[in-house]
Structures are given as C-alpha cells and as structure tokens.
Amino acid sequence: MKPKIWMSSPHMGGTEQQFVNEAFDTNWIAPLGPNVNGFEQDLELFLDQGSHVAALSSGTAGLHLGLVLLGVKQGDEVICQSMTFSATANPISYIGAKPVFVDSEKDTWNISHELLEVAIKDRLAKGITPRAIVPVHLYGMPAKMDEIMDIARHYQIPVLEDAAEALGSSINGRKCGTFGDIGVLSFNGNKIITTSGGGALVSAHSSVVKDARFLATQARDEAPHYQHSQIGYNYRMSNICAGIGRGQMQVIADRIKQRRSVYNRYVDHLGGISGIHFLHEPAGYFSNRWLTTVLIDKDEAGFTREDLRLALEKENIESRPLWKPMHMQPVFEGCTYYGDGTSEKLFETGLCLPSGSNLSNDDLERVLDVIDTFIK
Ligand SMILES: *Cc1c(COP(=O)(O)O)cnc(C)c1O
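Residues numbered from 1 in each chain as written. Predicted model: local features only at pLDDT ≥ 70, side-chain atom pairs only at ≥ 80, totals over all residues. Heavy atoms only, no water.

A. Representation of the side chain of S355. Take S355: it is sitting in the loop between β15 (350-353) and α13 (361-375). At 2.8 Å, the side chain of S355 forms a polar contact with the backbone nitrogen of T292. In this structure the side chain of S355 is engaged in a polar contact, spanning 2.5 Å, whose partner is the backbone oxygen of L353. When neighbours within four sequence positions are excluded, S355 is seen to be in contact with W6, M7, R259, V262, W290, L291 and T292. (Helix = DSSP H or I, 4+ residues; strand = E, 2+ residues; numbered from the N terminus. Polar contact = N/O pair within 3.5 Å; in protein donor to acceptor, adjacent residues only side chain to side chain. Contact = heavy atoms within 4.5 Å.)

B. Structural detail: the packing of helix α2 (residues 34-47) against helix α8 (residues 239-249). Close contact between α2 and α8 brings their axes to 8 Å; oriented N to C, the two are set at 35°. In this structure, α2 crosses over α8, and the sense of that crossing is left-handed. Every residue of α8 that contacts α2 at P34, N35, V36, G38, F39, D42, L43 and F46 is listed here: N239, A242, G243, G245, R246 and M249. Residue composition of the contact of α2 with α8, by class: seven nonpolar, five polar and two charged. (Axes fitted to C-alpha atoms, helices over the stretch in contact; angles between N-to-C directions. Left-handed = near helix turned anticlockwise from the far one by under 90°. Nonpolar A, V, L, I, M, F, W, Y, C, P; charged D, E, K, R; others polar.)

C. Examining the site of the ligand more closely. Taken together, 16 residues form the shell around the ligand, and within it G59, T60, E165, S186 and K191 come nearest. In this structure, G59 approaches the ligand through a main-chain N or O atom, which is 2.7 Å from an oxygen atom. One of the side-chain nitrogen or oxygen atoms of T60 is found 2.5 Å away from an oxygen atom of the ligand. In the complex, 94% of the free accessible area of the ligand, which totals 380 Å², lies under the protein chains. For the shell around the ligand, the secondary structure elements donating two or more residues are α3 (59-69) and α4 (86-94). Taken together, the residues of the shell around the ligand break down into five nonpolar, eight polar and three charged. (Near = heavy atom within 4 Å. Areas by Shrake-Rupley, 256 points an atom, 1.4 Å probe, with all protein chains shown as cover.)

D. Up close: α8. The element α8 is extensively covered by neighbouring structure, given that nine of its 11 residues are classed as buried. Along α8, the positions that sit buried rather than exposed are N239, C241, A242, G243, I244, G245, G247, Q248 and M249. Buried residues in α8 make contact with α1 (16-25), α2 and α9 (252-270). Its side-chain oxygen placed 2.9 Å from the backbone nitrogen of I240, S238 serves as the N-cap of α8. (Buried < 20%, exposed > 50% of the residue type's maximum accessible area, 1.4 Å probe, protein only.)

E. Quick peek at the sheet that holds strand β7 (residues 174-175). In spatial order, the strands read β7-β6-β11; together these three strands make up an open sheet with antiparallel pairing. In this open sheet, the two strands that pair with only one neighbour each are β7 and β11 (285-286). Bridge count between strand β6 (residues 170-171) and β11: two bridges; the pairing is antiparallel. Considered in β11, the bridge of S170 is made with F286. (Pairing = 2+ DSSP bridges.)

F. Region of the structure containing unusual backbone geometry. The phi angle at N27 is positive, at roughly 60°, despite the residue not being glycine. Note that N27 resides in the loop between α1 and α2. Residue classification places N27 among the exposed residues on the basis of a relative accessible area of 62%. In this structure, W109 is a non-glycine residue whose phi angle is positive, near 70°. Structurally, W109 is set in the loop between β3 (98-102) and α5 (113-125). The exposure class of W109 is buried, given its relative accessible area of 3%.

G. How the structure looks around the domain arrangement of the protein chain. Here the protein chain is partitioned into domain 1 (16-250) and domain 2 (253-375). Measuring from the centre of the C-alpha atoms in domain 1 to the corresponding centre in domain 2 gives 25 Å. Taken together, the 46 residues of domain 1 in the interface contact 35 residues of domain 2. Summed over both partners, the interface of domain 1 with domain 2 comes to about 3,600 Å²; 64% of that surface belongs to carbon and sulfur atoms. (Domains from an automatic or database assignment. Buried area = accessible area lost by both parts, 1.4 Å probe.)

H. Representation of the sheet that holds β15 in the model. Spatial strand order, β10-β12-β15-β13: four strands in an open sheet with antiparallel pairing. Every interior strand has two partners, whereas the edge strands, β10 (276-278) and β13 (320-321), have only one. Bridge count between β13 and β15: two bridges; the pairing is antiparallel. Each bridged residue has a counterpart across the sheet, and for P321 the counterpart in β15 is L351. Contacting β12 (292-296), β13 and β15, helix α11 (residues 305-314) crosses the sheet at an angle of about 25° to β15. Where helix α12 (residues 342-349) meets the sheet, its contacts fall on β12, β13 and β15, and the angle it forms with β15 comes to roughly 55°.

I. Structural view of the nonpolar core. By size, the foremost hydrophobic cluster in this structure holds 37 residues, and its most contacted members are F39, L43, Y139, L167, L185, F187 and L322. Every element with two or more residues in this core is listed here: α2, β1 (52-56), β9 (199-203), α8 and α9. Looking at which domains feed residues into this core, each of domain 1 (16-250) and domain 2 (253-375) gives three or more. Leave out the neighbours within four places in its chain, and F187 touches F39, L43, L167, I193, T194, T195, S196, G197, G198, G199, A200 and M237. (Core = buried A, V, L, I, M, F, W, Y, C linked by side-chain atoms within 4.5 Å.)

J. Structural context of the packing of aromatic side chains. The full count for this structure, using the stated rule, is nine aromatic pairs. Ring geometry for Y139 versus W323: centroids 6.4 Å apart, planes at 10°, classification stacked. With Y139 in the loop between β4 (132-134) and α6 (145-154) and W323 in the loop between β13 and β14 (336-338), this residue pair connects regions lying 184 residues apart in the sequence. Of the residues examined, W323 reaches a relative accessible area of 22% and is grouped as partly exposed. An aromatic cluster of three or more residues is present, and its members are F85, W109, Y139, W290 and W323. A cation sits over an aromatic face here: R305 above F347, 5.5 Å from the ring centre. (Phe/Tyr/Trp six-rings, centres within 6.5 Å; stacked < 30°, edge-to-face > 60°. Lys NZ or Arg CZ within 6 Å of the ring centre and 35° of its normal.)

As structure tokens, this is what we get:
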C-alpha cells in the first residue's frame, strides 16, 4: 500500500523550534509569556485595519468568548450559517442560547445575505430580536461580508465572524477576521497555519480584546487575593504553542501561495472534465484556498462524489464530503432553519481534495492519476 496522502496536515517552516526552545530556556512554560505577546503582534500586523488580537487555546474558545462579549445570554437567539463545522454552532449551545440556521448561497457557499434578511425579518415579526449573526468563510472563501455587515448594521445586530478557515483570505484587500464586530481564527493542526491547537479573537477595539484576555484568564479582579465578580474561563494560549505560531507566521505568505498553486493544478487538470465544478473567486475576493473543493454533477459526470471518494480511499488518499449542514445534524434537530436547499445540495455533491501546502508534486500527481484512471 502506498503511503497515506492527507487532506491537510501540519507544515512547519523551520524556526518554530527556536521559539519553543526560547520558552524552555527562559522557563516561560505557561499560558502567557513573550511568545504569546509576539504572536499576537504578528497577527495584528498581518491583519492590519488597526486589529487587536488575543491568542487563545482554540478557535472554539474564541467563538464562545465572542458570544459572551457580544452579550448573548441564555434563551437568546443567534443566527448562524448552517453549512459549517459544528464548532461554529456549539458555543451558542454552551451559553444556552438557540441557534437559528440560515442556508448558503451559490457564489461562495457561505451564508446567503438574502436569506439572512428573510430570517431577521421573520424573527422580528415573531417578536424575537436575534442577538448575533455568525457568518463563516468556508474553505477560505470569504462570505459576502459587505452585504452581511450592511444588513447587520441596519437591524443593529452584532456580527461574530468565524474566520477559522480563512487566515490570509480577503475582500478587496481587507483581511477576513476584520469585518465583524469580533473575528475568530483557528490554528488547529489542519488549518493553514497551526500552533498544534490554538485560536485567536480579533477586534478593532482594544477594550474588547482586553476584556477577552480578562475572561480567558479566569476573570481575576485586581486584588492580592483571588477575587472574582464575573464567571471566567481558562482559554489563554500557551507560550509553547505561541512559539510555534511565531515560526508559522514567518511562512504564512508561502503557505497561501502553496495552497493556491495546489488549487490551480487541480483546475488545470480537471477543469475541462464534464461534471466537475470548482468554486471560483467573485471579483475582488481572494481565497487562501485552505482546501480545494469540487462539486460532482452526477448526470454530467456519470459518477457521484461518493464514487470518487471511495476510489481515492482505495488508493490510501484522504478526501471528504463538504461540511454537513447543521440543520441536518441530529444534535441540532428541531432548530429553526431558513433555507432553499443550497447547502443540502452542496453536501450531497461536494468533495474536499488533498490540499496541504506540504503536498509534494509527486503526491499531487498521484492523486490526479487516481482520478484520471477512475474517470476512464
Ligand atoms: C476549525 C474550525 C473551528 C474551530 O477551531 P478550533 O481551533 O479547532 O477550535 C471553528 N469554525 C470553523 C469553520 C472551523 O473550520
């Protein structure tokens, strides 16, 4: 059996270990320290827009803190993109709030701003004001943030932007994570850069990020003893992990280039095949191409995405269906949903292909060969 080809695996740049060694040498083995501060500064510079950043233990922690900071309370409703990873929606449940799921649009596969407005109007007509909106940039493709923010401002509902998959993506040069009232990043092992596990909360307001750091370190009031007037969390990033992050930030531009070149290779090779469709960037949109995804139209192609997935699996190549929408998940059964079937169709026909920045040319050719043989 040939060695496994993964969809997306960690890709170190070289200097990560130096930052980690520094942490050992200076005994900063804690959820604070010079690497945490340095990593936050690296991210602030990269995101621009006057962003402030708090490094956290995970993207999920960032989403949870984001909802807390936006004032979401038990029993509130939060509008959430249905097509996403469960980590987008779970924190809504941590708070005891209720997710209201909204379907995707065809251009970006992210939340439809038209259905978003339908949902808001209908909730308001029922006497309920949604307390937050959570759009997601799936696979690195930016959601239609200008349209979403216009609607959010009009109805005065804050936006928590899940940019976990979209570090380095942008719309007209403005980076994902900086559009919402609060943005969230992830540095899990499979993301475009990794700290092994980790995340960050982003805001244009330094006071919001200060509050995030306070809540993330057990909400300790200023006092010589342990004094608390709020419920706190243990969500800060470790100085060890942040060292990995500092090394990764030195190569992020390359990582994006490499992911985009993997995408281009797939398009060059498979773009002409009837029934295989790629997700193109709308004008002004820039995707980090975290994962290359295809839609398989079985009538045109003569096979389904599951046929292709199994053919790849047989050759020890990992691929996966697109995210299964939250409104179809057993755990969210019975939740309110506004949709027109777009995300259901995407789930049924979509496949994520091996897309790592460390995918060698030989491995990529092996994947393409298996696809060629399968199609013949
Ligand atoms: C990875 C991911 C998260 C969660 O981030 P973690 O750092 O793994 O907690 C949230 N939302 C989306 C869309 C993700 O892909």
